[in-house]
Protein chains: 2
Amino acid sequence: MRVTIADVARRARVSKATVSRVLNNRGEVDAGTAVRVREVIAATGYTPSAGAVGLARGRTQTVGVLVPHLTCPWMGDVLQGVSDVLEAHGYGLLLHTMNRGADSVTRFTRHVSGNAFDGLLLVEPPDPLSCLTGLRESGFPVVVVDDGDDGDGDGDGDHPGFPSVATSNRAGATAAATHLLATGRTRPVVIPGPAALGRTRARTEGFRTPFTAAGHPTPHHVEADPTRAGGRTAITALLAENHEFDSVFTHNDLTAAGVLDALHEAHVDVPTQVAVIGFDDIDLAAHTQPPLTTVRRPSREMGEAAATILLANLAGAPFPTTPEIIPTELIVRASAP
Amino acid sequence: MRVTIADVARRARVSKATVSRVLNNRGEVDAGTAVRVREVIAATGYTPSAGAVGLARGRTQTVGVLVPHLTCPWMGDVLQGVSDVLEAHGYGLLLHTMNRGADSVTRFTRHVSGNAFDGLLLVEPPDPLSCLTGLRESGFPVVVVDDGDDGDGDGDGDHPGFPSVATSNRAGATAAATHLLATGRTRPVVIPGPAALGRTRARTEGFRTPFTAAGHPTPHHVEADPTRAGGRTAITALLAENHEFDSVFTHNDLTAAGVLDALHEAHVDVPTQVAVIGFDDIDLAAHTQPPLTTVRRPSREMGEAAATILLANLAGAPFPTTPEIIPTELIVRASAP
DNA sequence: GTGAAAGCGCTAACAA
DNA sequence: TTGTTAGCGCTTTCAC
């Protein structure tokens, strides 16, 4: 049988209340008594039951994390950032996936209303997560990670009104464009991400700005699946129709890798004939042929920031009113030196 | 204020016990009463408090998962497998990392003895996890995922005695060797993983067997960090000393990618001059130049299997006495056709 | 400084 | 079939 607070109290010849005081460092205990209690605790190896403490205190010291799925390249980084911060503060991390569709959401909702955690981190939530608004109104602490914010600080991401952490999508894309212009590229092709996402808009606009500002036409856009095959197909088609371009900017690295494939097959040299820049800086980016210049998205730092904000709120601090923006960084490699 | 079982009972004009019966489908309730109770539940949006249920029942419907860290390529797959199974059975997943060293372990241990979860999944535990033995003796349900088992079914992984899920490390390496032999390679170089791991032994032996069986000498071994840079350095050194070899087998894909780098730099053609086979089949493997032949390790399936075994045990079934082996699969790509 | 007692929200005998 | 009564293990007034 587990050793309970009552066992400790009996052996230390005090009341449960006193043991509780010692446990929670409520100074109002006689030094000698405290020592005695601590000895018994050590001797019995007593650990408070998380569930009982939670029930009595009304807080579980646990944070829920809802992610779309676990298999995309940067999710591990986000989670690691979250996990590090949570653990450092003694919080547990209850992980939920939306991988199994509607059923997943139902289960998740039950967990939420079952008070299984004190706060919630929403990673890359798909556009209209209906249960969200309910949560928000009920005052449940929620932080959105990587909302589709443009990163210019005015909080117009996909879930306005929620405290959130985002990256500088717009500025990152602008940096890519500026880099291309600085190296003499004037006719880029852009392969954007899903049109529904705020970050796609932000990256599109951020990329266009320097070009139009320099008097160049709006960059040519091409649709493609956000996969390696998608990028490859798109560029192959473009080459077939003899479209002229001297550079490609994709909204994700996987697509960029496909672009490199297509160019390679068509014997178009990278970077001399065409420069390529991706977005995200996933592991693969450093390993393509040639290595990919890309806009790094600070996944881990975003996870850390989100967890920090949530924990601060649980500790009584108000949520920040504007999104916290973690800056992107242009990683220059051989595909666009 | 949250709506509690007492609120529901009052509004349905029954006792809390009856509500509880309806909640848990204890058939012994009058149909009419049950309907009335359900109506009130629906009307109030009542959800049982997870903590209170856990305390009363002595079970939390939550499983702990301890992973070394979240950033390695296959961890997401393992977790996705675990998560899918757990969610499908209504279990929560409490995630712990050992990323922050000793402190992590301490926190984790507290969670364990705090009864925060009903069972535990240990993913790739480092060799001697001291708290493990204590757990085991106390009868706490633990399943080890990817123990360093050789996969030949005799249960001699790094943590013998624990129920576990592993992959066919030995057979996978044998398949790689057989493939090389079948394509005329007789002088391989092997870059093994960390010597302390059981799977390194298993893969080493599995690879050697076909060669010695065919009358060839034991393959040449070269030490290297399990990173891309490690593989590159190792092969560069080997080339510098004019060591003759016609193929390379590495215990992980990252190292293999480094090997490809080194060969490319030295203008050694792959696969005509040297064939290369890796292990794991991480995303990168399909994207190297040339694409990497590798032994796929079924990460996600391992996660699913481990969760299934644990849940079965929590439901009353005994643990299997031998490790569950999910087979590897040789993925043939251009680096060793 | 310390203890008694009343919950936290639920389940599970035991009666009725 | 249903209600009553104890807990589960802890925190927290409120007295002393």
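As a reminder, the structure under discussion sits directly above these lines.
Keep in mind that this is a model prediction, so the values were computed, not measured. (Residues numbered from 1 in each chain as written. Chains lettered and ligands numbered in written order. Predicted model: local features only at pLDDT ≥ 70, side-chain atom pairs only at ≥ 80, totals over all residues. Heavy atoms only, no water.)

1. Focus: the nonpolar core
Right, so step 1: Val65(A), Leu95(A), Leu121(A), Val65(B), Leu95(B) and Leu121(B) are the most contacted members of the largest nonpolar core, which totals 64 residues.
Right, so step 2: Discounting residues that sit within four places of it in the chain, Leu121(B) has contacts with Val63(B), Gly64(B), Val65(B), Leu66(B), Val82(B), Val143(B), Val145(B), Ala306(B), Ala307(B) and Leu310(B).
Right, so step 3: Counting residues in each nonpolar core, the second largest holds 28 residues, with Ala116(A), Leu122(A), Val112(B) and Leu122(B) among its members. (Core = buried A, V, L, I, M, F, W, Y, C linked by side-chain atoms within 4.5 Å. Buried < 20%, exposed > 50% of the residue type's maximum accessible area, 1.4 Å probe, protein only. Contact = heavy atoms within 4.5 Å.)

2. What to know about the packing of aromatic side chains
Right, so step 1: The full count for this structure, using the stated rule, is 10 aromatic pairs over all chains.
Right, so step 2: Where Phe207(B) meets Phe249(B), the ring centres are 4.4 Å apart and the plane angle is 5 degrees; that geometry is what we call stacked. With Phe207(B) in helix H9 (residues 198–213) and Phe249(B) in strand E8 (residues 247–250), this residue pair connects regions lying 42 residues apart in the sequence.
Right, so step 3: The ring of Trp74(A) carries the charged tip of Arg297(A) above its face, separated from the ring centre by 4.2 Å.
Right, so step 4: Of note, Arg203(B) hangs over the ring of Phe279(B), and the distance from its end group to the ring centre comes to 3.6 Å. (Phe/Tyr/Trp six-rings, centres within 6.5 Å; stacked < 30°, edge-to-face > 60°. Helix = DSSP H or I, 4+ residues; strand = E, 2+ residues; numbered from the N terminus. Lys NZ or Arg CZ within 6 Å of the ring centre and 35° of its normal.)

3. Structural notes on the pairing of E8(B)
When a strand is regular, its side chains alternate between the sheet's two faces.
All names here are of chain B.
Right, so step 1: Side chains of E8 alternate between two faces, with Ser247 and Phe249 and Val248 and Thr250 buried alike.
Right, so step 2: Here E8 runs beside strand E9 (residues 275–280); their pairing, made up of 3 bridges, is parallel. Each bridged residue has a counterpart across the sheet, and for Phe249 the counterpart in E9 is Ile277.
Right, so step 3: Chirality of the crossover, the property in question, places the unit of E8, helix H11 (residues 253–265) and E9 among those that are right-handed. (Pairing = 2+ DSSP bridges. Right-handed = clockwise from strand over helix to strand, strands pointing away.)

4. Quick word on the interface of chain B and chain A
Frequently, the measure chosen for interface size is the accessible area removed from exposure when the parts meet.
Right, so step 1: Taken together, the contacts link 42 residues of chain B with 42 residues of chain A.
Right, so step 2: Taken together, the two surfaces of chain B and chain A that pack against each other cover about 3,800 Å², and 53% of this comes from carbon and sulfur.
Right, so step 3: Seen at the junction of chain B and chain A, the total is 2 salt bridges.
Right, so step 4: Taking the shortest distance from any N to any O, the salt bridge between Arg100(B) and Glu87(A) comes out at 3.8 Å.
Right, so step 5: The interface formed by chain B and chain A includes 24 residue pairs in polar contact (both at pLDDT 80 or more).
Right, so step 6: Mapped onto the side of chain B that touches chain A, the elements with two or more residues apiece are helix H4 (50–57), helix H5 (75–88), strand E2 (92–97) and helix H6 (102–113) of chain B.
Right, so step 7: Among the elements that line the side of chain B that touches chain A, the one with the most residues is H5(B), at 8 residues.
Right, so step 8: Grouping the amino acids of the side of chain B that touches chain A by side-chain chemistry returns 12 nonpolar, 21 polar and 9 charged. (Buried area = accessible area lost by both parts, 1.4 Å probe. Salt bridge = Lys/Arg side-chain N within 4 Å of Asp/Glu carboxyl O. Polar contact = N/O pair within 3.5 Å; in protein donor to acceptor, adjacent residues only side chain to side chain. Nonpolar A, V, L, I, M, F, W, Y, C, P; charged D, E, K, R; others polar.)

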